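Given next are the chains, with one letter for each unit.
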Amino acid sequence: MWRGVIFAFIYGIYMDSIAADTLCFNTLVLGITMCVCGLLITHVLNRNISAVLLLSLLTCVFYFLLKWLIFYLFAGVEHNQEYLFYYAVPSAIYTAAFSLPFYYVAKFFSNSK
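Analysis parameters
Residues numbered from 1 in each chain as written. Predicted model: local features only at pLDDT ≥ 70, side-chain atom pairs only at ≥ 80, totals over all residues. Heavy atoms only, no water. Phe/Tyr/Trp six-rings, centres within 6.5 Å; stacked < 30°, edge-to-face > 60°. Helix = DSSP H or I, 4+ residues; strand = E, 2+ residues; numbered from the N terminus. Buried < 20%, exposed > 50% of the residue type's maximum accessible area, 1.4 Å probe, protein only. Axes fitted to C-alpha atoms, helices over the stretch in contact; angles between N-to-C directions. Parallel < 35°, antiparallel > 145°, perpendicular 65-115°, else oblique. Contact = heavy atoms within 4.5 Å. Nonpolar A, V, L, I, M, F, W, Y, C, P; charged D, E, K, R; others polar. Patch = residues over 30% accessible without salt bridge, like charges linked within 9 Å, V, L, I, M, F, W, Y side chains within 5 Å. Areas by Shrake-Rupley, 256 points an atom, 1.4 Å probe, with all protein chains shown as cover. Salt bridge = Lys/Arg side-chain N within 4 Å of Asp/Glu carboxyl O.

### Topic: the packing of aromatic side chains
Part 1: This structure, assessed with the given rule, holds nine aromatic pairs.
Part 2: For the ring pair phenylalanine 7 and tyrosine 11, a centre distance of 6.1 Å and an interplane angle of 10° mean the geometry is stacked. Here phenylalanine 7 and its partner tyrosine 11 are both found in helix α1 (residues 2-18), four residues apart, which amounts to about one turn of the helix.
Part 3: For phenylalanine 7, a relative accessible area of 56% corresponds to the exposed category.
Part 4: Both rings, one in phenylalanine 64 and one in tyrosine 87, keep their centres 6.2 Å apart while their planes meet at 85°; by these two values the pair is edge-to-face.

### Quick notes on the packing of helix α4 (residues 80-97) against helix α5 (residues 99-111)
Relative placement of two packed helices is described by the angle separating their axes and the distance separating the axes.
Part 1: Two elements in contact, α4 and α5, have axes separated by 5 Å at closest approach and are oriented at 25°. By the angle class used here, α4 and α5 are roughly parallel. The segment α4 lies against α5, with Thr95, Ala96 and Ala97 engaging Ser99, Leu100 and Pro101.
Part 2: Tallied by class, residues from the contact of α4 with α5 come to four nonpolar, two polar and no charged.

### Quick notes on a nonpolar patch on the surface
Part 1: A surface patch of nonpolar side chains, about 870 Å² in accessible area, is lined by Phe85, Tyr86, Val89, Ile93, Tyr94, Phe98 and Phe102.
Part 2: Relative to the assigned elements, tyrosine 94 resides in helix α4.

This is how it looks when you write it as structure tokens:
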């Protein structure tokens, strides 16, 4: 679990390094959500495809909604609903959809040891 949290923090740092002005948003959100997902998978949920899809979809929705709230709605950007409906919702759905092939790739590599 902690390898995933460390990977999420490093990936968040890389995302923040190329972003315009996120102020470590990606690092914190990805690290916290990975910690929560890791704890849920370890202690509450089974390690199966339905749990992976559920957590992937919830994580994507949480990430994009939180980004919309902080950087668009609370910042007072006009027409912030366009970002939500034309970018955030499709991005969350596409990201969650790609978790299915990545699940099988990760499962293949974890079983090949």
